[in-house]
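Fold and geometry: a report
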Amino acid sequence: MRKLVIIPTYNERDNVGPMVERVLALGGGFDLLVIDDGSPDGTAAVVRERQSCSAGRLHLIERSGKQGLGTAYIAGFRWALERGYDLVFEMDCDFSHDPADLERLAAATERGADVVVGSRYVRGGRVVNWPLSRLLISYGASLYVRAMTFMPVHDATAGFVCYTRRALEAIDLGGVRMKGYGFQIEMKYTAWRLGMRLSEVPIVFTERRVGVSKMSGGIFGEAFFGVPKLPFRRFRRTERSR
């Protein structure tokens, strides 16, 4: 099984080097694709420095300016499918997601899951170092998504996810509309509506220690107003998945 981890970055110079080392040191043979949106702090330069000693397992896509989380992942998914990867992972660069958990997400696909969510809100999952207000907003957002869509996922906004090739090939990536954190909800919901099997693996989510969060009011609003529209959309498998 060929496995690729996709990490979008913007001003993550202090985190990206250690993250590259941790992912490539895992025993499961994970390749890594960093998609950098023109970080002015030199994030991409740090990645380039490490490519020469990565044995071809570290890859970099550089884009001009901030184009949104969703568009970065879509570009990464297409890149992965074109190169024959079997499992494709999303994760943050700030160590809020533990790279060691990648192996647990991969193992869940061996039990039949098409999409595996690293979940904060199932038994065994938790959040560390978040203020109560932010925790309530995040947990409330997941309750809101379940109420609006009936999707059986406890952590719908999670950004630590594994997709099988089968799931990504079934989804019309060009039809994904949300660009911010709503993208995470839309991808999971689309997969579910297309008959993919979703599974959740408990994780410990730790607030970033270096850098600043990219969350904004606009990103939150896109998800809040976009979610009620999802049940009214038609979802069809792509031709290549039939």
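Not measured: the values here are computed from a predicted model. (Residues numbered from 1 in each chain as written. Predicted model: local features only at pLDDT ≥ 70, side-chain atom pairs only at ≥ 80, totals over all residues. Heavy atoms only, no water.)

1. Some words on the packing of aromatic side chains
For the structure shown, the criterion picks out 12 aromatic pairs. Each member of the aromatic cluster is reached from another via a ring pair, and the members are Tyr 73, Phe 77, Tyr 163 and Phe 183. For the cation-ring pair, Lys 66 lies above Tyr 10, with the distance from its terminal atom to the ring centre recorded as 4.7 Å. The positively charged end of Arg 120 is found above the aromatic ring belonging to Phe 205, 5.1 Å away from the centroid. (Phe/Tyr/Trp six-rings, centres within 6.5 Å; stacked < 30°, edge-to-face > 60°. Lys NZ or Arg CZ within 6 Å of the ring centre and 35° of its normal.)

2. Some details on the environment of Phe 205
With respect to the secondary-structure elements, Phe 205 resides in strand S9 (residues 204-206). Here Phe 205 falls in the buried class, since its relative accessible area comes to 8%. When sequence neighbours within four positions are dropped, the list of residues in contact with Phe 205 reads Ser 96, His 97, Arg 120, Arg 126, Val 127, Val 128 and Trp 130. (Helix = DSSP H or I, 4+ residues; strand = E, 2+ residues; numbered from the N terminus. Buried < 20%, exposed > 50% of the residue type's maximum accessible area, 1.4 Å probe, protein only. Contact = heavy atoms within 4.5 Å.)

3. Remarks on the nonpolar core
Residues Ile 6, Phe 77, Tyr 163 and Met 187 are the most contacted members of the largest nonpolar core, which totals 40 residues. Residue assignment for this core shows that the elements contributing at least two residues are strand S1 (3-9), strand S2 (30-36), helix H3 (69-82), strand S7 (161-164), helix H6 (165-170) and helix H7 (182-193). It is H3 that provides the largest number of residues to this core, a total of seven residues. Excluding residues that lie within four positions of it along the chain, Met 187 makes contacts with Phe 77, Tyr 163, Leu 168, Ile 171, Leu 173 and Val 176. Residues Leu 32, Val 46, Leu 105 and Ile 203 belong to the second largest nonpolar core, which totals 31 residues. (Core = buried A, V, L, I, M, F, W, Y, C linked by side-chain atoms within 4.5 Å.)

4. Some thoughts on the layout of surface pockets
For the second largest pocket, the calculated volume is near 150 Å³. Together, Ala 170, Ile 171, Asp 172, Gly 175, Val 176, Arg 177, Thr 190, Leu 194, Arg 233, Arg 234, Phe 235 and Arg 236 line the second largest pocket. Residues that form the lining of the second largest pocket fall into these classes: five nonpolar, two polar and five charged. (1 Å grid on protein atoms, 1.4 Å probe; cavity = no way out; pocket = protein on both sides within 12 Å on 5 of 7 lines; lining within 4 Å. Points joined across faces, edges and corners; volume = space filled by probe spheres on them. Nonpolar A, V, L, I, M, F, W, Y, C, P; charged D, E, K, R; others polar.)

5. Remarks on helix H1 (residues 13-24)
Given a rise of 1.5 Å per residue, 12 residues ought to cover 16 Å, and the 17 Å separating the end C-alpha atoms of H1 matches this to within 8%. Regarding H1, the residues found buried are Asn 15, Val 16, Gly 17, Met 19, Val 20, Val 23 and Leu 24. Packing partners of the buried residues in H1 comprise S1, S2, helix H2 (43-51), strand S3 (58-62) and helix H4 (102-110). (Expected span 1.5 Å × (residues − 1).)

6. Comments concerning unusual backbone geometry
Of note in this structure, Phe 95 is not a glycine but carries a positive phi near 70 degrees. For Phe 95, a relative accessible area of 18% puts it in the buried group. Even without being a glycine, Phe 150 presents a positive backbone phi close to 65 degrees. With respect to the secondary-structure elements, Phe 150 resides in the loop between helix H5 (132-149) and S7.

7. Section: the packing of H3 against H7
Helix-helix packing is characterised by the crossing angle of the two axes and by the distance between the axes. Where H3 meets H7, the closest approach of the two axes is 8 Å, and the angle between their N-to-C directions is 45 degrees. Of the possible angle classes, the one that applies to H3 and H7 is oblique. Of the residues in H7, those in contact with Leu 69, Gly 70, Tyr 73, Ile 74 and Phe 77 of H3 are Phe 183, Gln 184 and Met 187. Class assignment for the residues of the contact of H3 with H7 results in six nonpolar, two polar and no charged. (Axes fitted to C-alpha atoms, helices over the stretch in contact; angles between N-to-C directions. Parallel < 35°, antiparallel > 145°, perpendicular 65-115°, else oblique.)

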